[in-house]
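Chain and residue survey
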Amino acid sequence: LMAIQNGHDIERDPYKKTRLFGEEWARTFAKVGGNGAQATAFIDKWAVTSDFSQMRFPSRAAIARVTRLARASAPGPDGTPYPARKVAGEKAEQTLFLLLAELSSGAPSPYGLNDLITAFIPKGRQEDGDFEVVRSPSNTRPLGLKNTDTKVLAAAWNFECSKVIRDSACCHQRGFVKNRQLLNN
């Protein structure tokens, strides 16, 4: 966004824009307190135990598959798009596999691995939007652009976890379960 609408004013200063976004979205991303007893009762009644004991550790082949099948998306702070990982080939796959093994053993993540760039995508279209895109912070959609390596590692784990979740999720759970359709809810 080139500018932020702040009441009747238009704000172009990057620091003031950042402050306005922070003020608008702080409530959405704030830690929410809860009633621990109610949460425990809900979990006791509805949670299904999943047995991850037979789940495989993601293989190097899983990382290769994720890299090969990944669609182009905006990179995070590292600036590395998926196509670069594809071109890097086996060396990149091996490096990511070793990184996954290190992280899974409890090693701290490398500096910057979990960093992201936050983009605020304007909602809707406005008549004068062809010249300058201006929205109030509430008329934006925050989007976190993660580093490509982080996305590949998470996708490799997701591939393995999804099998266990698919087999243990309640039959009524349709969304976000492999081979089930949210539209059939």
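Residues numbered from 1 in each chain as written. Predicted model: local features only at pLDDT ≥ 70, side-chain atom pairs only at ≥ 80, totals over all residues. Heavy atoms only, no water.

**Focus on the packing of aromatic side chains**
For the coordinates displayed, the defined rule picks out four aromatic pairs. Ring geometry for phenylalanine 21 and phenylalanine 120: centres 3.8 Å apart, planes at 10°, overall stacked. You can see phenylalanine 21 sitting in helix H1 (residues 14-29) and its partner phenylalanine 120 sitting in strand E3 (residues 116-122), a full 99 residues away along the chain. The class of phenylalanine 21 is buried, set by a relative accessible area of 9%. Above the plane of the ring of phenylalanine 159 lies arginine 65, whose end atom (NZ or CZ) is 3.9 Å from the centre. (Phe/Tyr/Trp six-rings, centres within 6.5 Å; stacked < 30°, edge-to-face > 60°. Helix = DSSP H or I, 4+ residues; strand = E, 2+ residues; numbered from the N terminus. Buried < 20%, exposed > 50% of the residue type's maximum accessible area, 1.4 Å probe, protein only. Lys NZ or Arg CZ within 6 Å of the ring centre and 35° of its normal.)

**Description of the sheet that holds strand E4 (residues 134-135)**
Backbone-to-backbone hydrogen bonds join strands into a sheet, with any given pair of strands oriented parallel or antiparallel. Taken in spatial order, the three strands line up as E2-E1-E4 in an open sheet, and their pairing is mixed. Each end of this open sheet is capped by a strand with a single partner; those strands are strand E2 (9-11) and E4. With respect to the sheet, H1 is in contact with strand E1 (3-6) and E2, its orientation differing from that of E1 by roughly 55°. (Pairing = 2+ DSSP bridges. Contact = heavy atoms within 4.5 Å. Axes fitted to C-alpha atoms, helices over the stretch in contact; angles between N-to-C directions.)

**A short note on the packing of helix H3 (residues 60-69) against helix H5 (residues 148-168)**
Taken N-terminus to C-terminus, the directions of H3 and H5 make an angle of 115°; their axes are 9 Å apart at the nearest point. As H3 runs across H5, the sense of the crossing is right-handed. Between H3 and H5, the residues in contact are Ile63, Arg65, Val66 and Thr67 and Val152, Leu153, Ala155, Ala156 and Phe159, respectively. Counted by class, the contact of H3 with H5 contains seven nonpolar, one polar and one charged residues. (Left-handed = near helix turned anticlockwise from the far one by under 90°. Nonpolar A, V, L, I, M, F, W, Y, C, P; charged D, E, K, R; others polar.)

**Observations regarding the pattern of salt bridges**
Enumeration according to the criterion identifies eight salt bridges in this entry. The shortest N-O distance in the salt bridge between glutamate 90 and arginine 60 comes to 3.9 Å. With a gap of 30 residues between them, glutamate 90 in helix H4 (residues 82-104) and arginine 60 in helix H3 connect regions that are remote in the sequence. Given the relative accessible area of 58%, glutamate 90 is considered exposed. According to the relative accessible area criterion, arginine 60 is partly exposed, its value standing at 28%. Several salt bridges converge on common partners, so that one network encompasses Arg56, Glu160 and Lys163. (Salt bridge = Lys/Arg side-chain N within 4 Å of Asp/Glu carboxyl O.)

**With respect to the side chain of lysine 17**
As for its position among the elements, lysine 17 is in helix H1. Despite being buried, lysine 17 has no salt bridge partner; glutamate 132 is the closest side chain of opposite charge, sitting 8.2 Å away. (Lys, Arg positive; Asp, Glu negative; His and termini not counted.)

**What about a nonpolar patch on the surface?**
Residues Phe42, Ile43 and Trp46 make up a contiguous nonpolar surface patch of about 380 Å² in total accessible area. As for its position among the elements, tryptophan 46 is in helix H2 (residues 36-46). By relative accessible area, tryptophan 46 is classed as exposed at 54%. (Patch = residues over 30% accessible without salt bridge, like charges linked within 9 Å, V, L, I, M, F, W, Y side chains within 5 Å. Areas by Shrake-Rupley, 256 points an atom, 1.4 Å probe, with all protein chains shown as cover.)

**Side note on the nonpolar core**
Counting residues in each nonpolar core, the largest one holds 11 residues, listed as Ile63, Val66, Ala70, Tyr82, Leu96, Leu99, Leu100, Leu113, Val152, Leu153 and Ala156. At the level of elements, H3, H4 and H5 are the ones that each hand at least two residues to this core. Take this core: its biggest share by element is four residues, from H4. Apart from residues no more than four positions distant in its own chain, valine 66 is found in contact with Val152, Ala155 and Ala156. (Core = buried A, V, L, I, M, F, W, Y, C linked by side-chain atoms within 4.5 Å.)

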